[in-house]
Amino acid sequence: MTTNPDPIYLDHNATTPLLPEVLEAMLPFLSTHFGNASSSHIYGQRTREAIMRARAQVATLIGATPEEIVFTSGGIEANNLAIRGVAQAATGDRHIVTSVIEHPATDGPCTFLEAEGWRITRLGVDVDGRVRPGEADAALSAGTALMTLMHANNETGVLQPVAELARLARARGILVHTDAAQSVGKVPVHVDDLGVDLLSLVGHKVYAPKGIGVLYVRKGTPLQPLLLGSPGDLRSGTLNTPSIVALGAACEIAARDLAAESARLLRMRDELWDRLHAAIPGLRLHGHPSQRLPNTLNVGFPGVTGGALLGQAKEIAASTGAACHAGQNHGSAVLLAMGLTNDQALGAVRLSLGKLVGEHQIADIAESLSLAWELAR
């Protein structure tokens, strides 16, 4: 009995596979080096040194210092620590500025604080999916506690003008947080260039395991911990050494390969768009034509739903939007915020490229999607 080959994986914005080099770095800490990093003996010393090395690897990738790296269980915890931690430490107005296109990992804690009496201003976006600096400028005030905006959108790949918006906020003494889960490892991300005080990143988006993340906390940023148990620590609990080591290795690889891999992804993304655009009349590109992640192509197929199209495209694995929102029967809130109709938004498919895709496969991917569109109609 023969089995069908696995489809081509085009959902790297949802999650990425564990790189062999990352697994190799991680394995000894699942067996031989099992010590608790808090222990003073040799077993604890070995794991502590490995964690220090990983902290430095992460810091190097984003232009931080090792002391500014706080390991978390993932992006949701990192965003909650940033947003709710700032709120607990705040002494001014109970006001936060965010946007209408944030991931639930950011919108969730903002909504929680809103129920607690905080005023949350959600900025709109233009037709390309970018926050308007003028609208942000008008929303910020000297008493605003925090501005929190994603660096790159998980559905469209659109890059937000975080550096420009951060300048507006910092001129008023406002703290700035960005969720960089999608951008780290795909484009250069440097905390000083962005001008942010807090930055979240996620292991499973950069070919490290699930269940590990980081919050960068600029030295001197007022922040209260959410988890209590280790006095003086921003994040209490025994450290997850194997996953931390893996994340450090993944960040070192990302820094090493960033320029070459970004260029490769951009070539593939643009070739895929060119082929699909030539084959499918009325195909729409969702997002800014250039200010976008090099791996992400969100397109609208006319006359069909994205779900119906992907149901016919058995040779590929992709999504109709964010994996966290899969199964919904209404259009993506991100695309609706950009001015698309519900029918147009329902026709969207997100194609996110990565290390599992080769340049030789782009023609086959385009052909598969084009044929699927014909069948779905």
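Residues numbered from 1 in each chain as written. Predicted model: local features only at pLDDT ≥ 70, side-chain atom pairs only at ≥ 80, totals over all residues. Heavy atoms only, no water.

**With respect to the sheet that holds strand β9 (residues 284-285)**
Note on sheets: strands pair through backbone hydrogen bonds, and any given pair is parallel or antiparallel.
Then, in step 1: Spatial ordering of the open sheet is given by β9-β10-β12, a layout of 3 strands whose pairing is antiparallel. Since the sheet does not close on itself, it has two edges, and those belong to β9 and β12 (348-352), each with one partner.
Then, in step 2: Of the pairings in the sheet, the one linking strand β10 (residues 296-300) to β12 comprises 5 bridges and is antiparallel in character. Counterpart to G300 in the pairing with β12 is A348.
Then, in step 3: Against the sheet, helix α8 (residues 241-279) contacts β9, β10 and β12, and its axis sits at roughly 15° relative to β10. (Pairing = 2+ DSSP bridges. Helix = DSSP H or I, 4+ residues; strand = E, 2+ residues; numbered from the N terminus. Contact = heavy atoms within 4.5 Å. Axes fitted to C-alpha atoms, helices over the stretch in contact; angles between N-to-C directions.)

**Quick notes on the pairing of strand β8 (residues 213-217)**
Then, in step 1: Burial analysis of β8 places 5 of its 5 residues in the buried class, which makes it a mostly covered element.
Then, in step 2: Both faces of β8 are covered, namely the face carrying G213, L215 and V217 and the face carrying V214 and Y216.
Then, in step 3: Judged from the 4 bridges that link them, strand β2 (residues 69-72) and β8 form a sheet pairing that is antiparallel. Across the sheet, the residue bridging to T72 is G213, located in β8.
Then, in step 4: Judged from the 5 bridges that link them, strand β7 (residues 198-202) and β8 form a sheet pairing that is antiparallel. Bridging across to β8, L198 finds its partner in V217. (Buried < 20%, exposed > 50% of the residue type's maximum accessible area, 1.4 Å probe, protein only.)

**Quick word on the environment of A366**
Then, in step 1: Mapping A366 onto the fold places it in helix α12 (residues 362-376).
Then, in step 2: Separated by 94 residues in sequence, A366 and L272 have C-alpha atoms that sit 6.2 Å apart.
Then, in step 3: If we skip the residues at most four places from it in the chain, A366 touches L272, R275 and L276.

**Observations concerning the pairing of β7**
Then, in step 1: β7 sits mainly inside the fold: 5 of its 5 residues count as buried.
Then, in step 2: Residues L198, S200 and V202 of β7 are buried on one face, and the alternating residues L199 and L201, pointing to the opposite face, are buried as well.
Then, in step 3: Relative to β7, strand β6 (residues 175-179) is paired through 3 bridges, and the arrangement is parallel. Counted as the bridge partner of H177 is L198 from β7.

**A few points about the pattern of salt bridges**
Then, in step 1: Under the definition given, this model contains 16 salt bridges.
Then, in step 2: One salt bridge in this structure joins E271 and R275, with 2.9 Å as the shortest N-O distance. Residue E271 and its partner R275 are both found in helix α8; the two are separated by 4 residues, about one turn of the helix.
Then, in step 3: Looking at R275, the relative accessible area reads 39%, which means it is partly exposed. (Salt bridge = Lys/Arg side-chain N within 4 Å of Asp/Glu carboxyl O.)

In short, geometric facts, not functional conclusions.
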